[in-house]
Amino acid sequence: MSFLVFAAALLAVFFLWGLISPRSQWRVLASWLRRNPDASEPGSTAYAFHRILSGLGVGTFLTIAVVAVMSFIGSLPAPEPPKTALQQMWGTAPSPVIVDRVVQSSGVANPSFAPQPILGYQRFDNVTHQPRYLVYLDTYDAPGASDTLIGREPTGDFAALDSAELVLNVRVKPQCAPVEAVVIETPEAVQVSISSALAAPVGGDAVSHEFCAGGSTVGPSLLIPIDLAEPLGERAVQTLDGTAVRHVPVIEPR
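Here the residue index of a chain counts from 1 through its sequence in written order. Side-chain atom pairs in this predicted model are given and counted only at pLDDT of 80 or more, local residue features only at pLDDT of at least 70, and totals for whole chains, interfaces and linings cover all residues. To obtain the side-chain values, all non-hydrogen atoms of the structure were included, while hydrogens and water were left out.

Caption draft 1: Structural context of the packing of aromatic side chains. Planes of paired rings set the category: under 30 degrees apart is stacked, over 60 is edge-to-face and the rest tilted, where pairs are Phe, Tyr or Trp rings (Trp by its six-membered ring) whose centres lie within 6.5 Å. Counted under the stated rule, the structure contains zero aromatic pairs. Lysine and arginine charges are scored as sitting over a ring when NZ or CZ, respectively, is within 6 Å of the ring centre and within 35 degrees of the ring normal. Note that Lys 173 overlies the ring of Phe 211, its terminal NZ or CZ placed 5.7 Å from the centroid.

Structure (structure tokens):
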């Protein structure tokens, strides 16, 4: 392959030389074969035809080069589109949805439910409804007909965010739904856990919900509003074992 490239480059140089200066090319390559070079030098017509042929050769190589470059560019993988504000905050698809349930602490975790990794949090001001983008997200449509879905329905024309002080992000398996939150508040920290269960349990607590453990990369990305006794303020958000939960900076979608 390298020899073919070298030969093609040499031929291209030969054509370009003939196009620019056919007379010098003749003197270098052919005049030494003549007994009397000056007397046997080609005329202007011969040089003109030589220049035309060399121009055709240069044009052919340029065409091949353009086609090769375009083919190479076409074979390159398409660049990824820029990430949206939601993707920068909460990761790629599926897009996050709001669990429109008023969620307060259940007190003690039910051991039959499956704890979920908490992937991040944002504080929420329920007076000014900031960050504003949360208000416009789609709401979560739980699979099946789970009677144990986390929290309770908002009353009247209110939404769950109207009383929440922060939102927690979990990704549950498509067959599961969040069913329980445990929230422990101290002056220094807010410790939280979210558990999920099969969306249509048969027999209540006797059913094994271990399938739901560990979260999911393909299931829905849920933003769960959490009601606190007072605004989060500067308190840290942690899991029940004291591990810090990632704070997700707000990037308002444009």
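Caption draft 2: Up close: the confidence of the model for the chain. Think of pLDDT as the predictor's per-residue confidence, scored from 0 to 100. Residues with a pLDDT of 70 or more make up 92% of the chain, whose mean pLDDT is 84. Residue contacts are counted whenever heavy atoms from the two residues lie within 4.5 Å of one another. Overall, residues 202–206 carries pLDDT values under 50, and its contacts beyond four positions in sequence, including any with other chains, amount to five contacts.

Caption draft 3: Examining the sheet that holds strand β4 (residues 166–171) more closely. Strand pairing follows a simple DSSP-based rule, namely that at least 2 bridges must link the two strands. Only runs of H or I of at least four residues qualify as helices and only runs of E of at least two qualify as strands under DSSP, and these elements are numbered from the N terminus. Overall, mixed pairing links the four strands, which are arranged β1-β7-β4-β3 in an open sheet. Whereas interior strands pair on both sides, the edge strands pair on one side only; in this sheet they are β1 (96–98) and β3 (120–123). The sheet shows a mean angle of 30 degrees between the axes of neighbouring strands, taken without regard to direction. Bridge analysis of β3 against β4 gives four bridges, and the strand direction is antiparallel. Throughout, an axis means a line fitted to C-alpha atoms (over the contacting stretch in the case of helices), and angles, computed between N-to-C directions, take values from 0 to 180 degrees.

Caption draft 4: Layout of the nonpolar core. Nonpolar cores were defined as sets of buried Ala, Val, Leu, Ile, Met, Phe, Trp, Tyr and Cys residues, with membership established by side-chain atoms within 4.5 Å. Relative accessibility under 20% of the residue-type maximum defines a buried residue, over 50% an exposed one, and the middle range a partly exposed one, all with a 1.4 Å probe and only protein chains included. Core analysis: the largest hydrophobic core is formed by 27 residues, its most contacted members being Tyr 140, Leu 168, Ile 194, Leu 222, Ile 224, Ile 226 and Val 237. Elements that contribute at least two residues to this core include exactly β4, β5 (176–185), β6 (189–198) and β7 (221–226). Setting aside anything within four residues of it in sequence, one finds Leu 222 in contact with Val 97, Val 99, Tyr 140, Leu 168, Asn 169, Val 170, Val 172 and Pro 178. The next biggest cluster of nonpolar side chains, apart from the first, holds twelve residues, and it includes Leu 86, Ile 98, Tyr 133 and Leu 223.

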